[in-house]
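What the coordinates show
Spelled out, the chains give:
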Amino acid sequence: INGEEWGLYLAVEPIDEVFLERTFGDSTGDLYKPDGTGADLVYRGDDMSEYPGLVLKTNEETSDGSAILDLMKALESGEGLEDVLDVDEVLRYLAANVALANYDSYLGNTTHNYYLYEQDGRFTIVPWDYNYSFGGFGGGEVDIYEPTNQSMGMGGGRHPDMENGETKTAEGENAAEEQAAQIPESMERPEGMGGSNEKPLVDTLLSQDALLAQYESYLAEIAETYFTESYMSQIVSETAEMIAPYVEKDATAFFTYDEFLEASSADATDPNSLVYFAVSMAESIETQLAGGEPTFHTSSFVAAAAGGGGKRPGEDFAEMQDTEQTEDDVTEEQTQRVPAQMGDMAGQPLEMIEDTEQTADTAEVSEQTQKVPEQMGDMPQR
C-alpha cells in the first residue's frame, strides 16, 4: 500500500449507498445493520426505542421505522411474509450459514453480522462477515433442524425427536444460562442470553412445511454440489496457489507457511484441511436430511487444525473482542490486541477485515481505502 508492505489481506467492500445502487439499482430505502436488542427481530411493540440494536444506516432523519415494524409483526404471525421479506434469500442465507457452521451470525447468540435493506416495504437480507466460518466461533454438532441451538460453540446441537417433534431437553433448556455465564460483565450481553433464544427468521420460516422443504433443498445443493471433494479440492488448491507467494513472505502472518500448506491440503482425509471440513459437513447434512443424527462435530476439525493443543474460540470468551471499527472507537490499543486474541484460531479460512465501513459523512471511497492501514495495520490476515 503506497509502496509499503502490509502483508496479505482480503479487502471487503462496505455495505453503503454505492453497494446498494449497484446491487439493487436503488439506494433510497432503509438500510439496517442489526446488532443488539432487536437484532433478533422479535416484535416488542410499535415503539422503535425498544429496538436500539436495529441500527439504521440510511434515512436516519426521515424513516419512521414502520416498514421494519411490519416485518417483525409478519414474522410473529407467520402471515404475509412474502409481502415484507424476500423469503427465498433468507432461506439461502440460513442454509449457507448452517453449512459453514458460522455462528457469529444471526444463528448464534451474537445475533448480528447481517444487513436488512428495504425497498417499497419489502426487506432483503444481506450477508456480512464470515471470518468465523468453518466452526471458527466454537465447535459442536450442527443440527440443521435446530440451527440456533449451537451458539458460539458452547454446547453441542441436538437433533429433534423425529417421531413427536419434541425439541427441548434439560440440557438445551439450560444452555442459554450456561452461555450467558461465560460472557464477562464488561461486555454487552446480546439479546436472548440467559433468556429467550427466539429467532423468528428461523422459527417462523422453518415451521412452514413448504419453506422448510425449500431450506432443505438449498442444504442438499450445498452438500451435493459445493461441499464435494472434487469442488472443494479445486477451489482450495486454486486459491492457495494464487496467494501462496504472499503468504510465504508475510512477516505478520498468524501461522507458519507449513501450517498454511497443511490447511490448504486437498486431502479429504486430513482433519486439518478445509476439504475435510466440507466433505464431513456434507455427509452430516445428507444424513440428517434422510432422518438421521448429525455425524460431524466441528470441534474435531478446529482442534486438529490447531495441532490438537490450540485454544478454540468460545473456550475463553473474555479474550474475544469485537474488532469492528467505528470512527469514534478506533484506537491503537484495539488494533494491537487483535493478533494476541486471534493467534490460536488455527483452521480458519482467509481472515476477513471485520468492518471498514464508513458512515455517510465519511463516504468517500478513497478516504476509506486510505484509512484501512491506519485502523487495521496490526491485524495481519491469513
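Preceding this paragraph is the structure being described.
My aim in this report is to walk through the structure given alongside it, one point at a time. Just so it is clear, the structure is predicted and the values come from calculations on it, not from any experiment.

Re the packing of aromatic side chains
Evaluated as defined, the whole model comprises 13 aromatic pairs. Considering the side-chain rings of Y276 and F296, the 6.1 Å spacing of their centres and the 85° angle between planes classify their relative orientation as edge-to-face. Here Y276, found in helix α10 (residues 274–289), pairs with F296, found in the loop between α10 and α11 (298–305); they are 20 residues apart in sequence, far enough to count as distant. Each of the two residues, Y276 as well as F296, counts as buried. Members of the aromatic cluster, joined through ring pairs, are F134, F227, Y276, F277 and F296.

Some words on helix α4 (residues 87–99)
Across its 13 residues, α4 extends 18 Å between first and last C-alpha, which sits within 8% of the 18 Å expected from 1.5 Å per residue. Every buried residue of α4 is accounted for by V87, V90, L91, Y93, L94, A95, N97, V98 and A99. Where α4 is buried, its residues meet α3 (81–84), β3 (114–119), β4 (122–127), α6 (200–206), α7 (209–226) and α10.

Examining the pairing of β4
Inspection of the sheet shows β3 paired to β4 by six bridges, in the antiparallel sense. By the bridge assignment for β4, Y117 is matched with T124. Remark: two residues form the turn of the hairpin made by β3 and β4, two consecutive strands paired antiparallel; D120 in that turn has positive phi of roughly 50°.

Re the pattern of salt bridges
Scanning the model with the defined rule gives five salt bridges in all. A salt bridge links R22 to E13; its shortest N-O distance comes to 3.1 Å. K73 is the partner of D46 in a salt bridge, and the nearest nitrogen-oxygen pair spans 3.2 Å. One end of the pair, D46, is in the loop between β1 (31–34) and β2 (54–56); the other, K73, is in helix α2 (residues 66–77), with 27 residues separating them in the sequence. For D46, a relative accessible area of 46% translates into the label partly exposed. Residue class for K73 comes out partly exposed when judged on its relative accessible area of 31%.

Rules of the game
- Residues numbered from 1 in each chain as written.
- Predicted model: local features only at pLDDT ≥ 70, side-chain atom pairs only at ≥ 80, totals over all residues.
- Heavy atoms only, no water.
- Phe/Tyr/Trp six-rings, centres within 6.5 Å; stacked < 30°, edge-to-face > 60°.
- Helix = DSSP H or I, 4+ residues; strand = E, 2+ residues; numbered from the N terminus.
- Buried < 20%, exposed > 50% of the residue type's maximum accessible area, 1.4 Å probe, protein only.
- Expected span 1.5 Å × (residues − 1).
- Contact = heavy atoms within 4.5 Å.
- Pairing = 2+ DSSP bridges.
- Salt bridge = Lys/Arg side-chain N within 4 Å of Asp/Glu carboxyl O.

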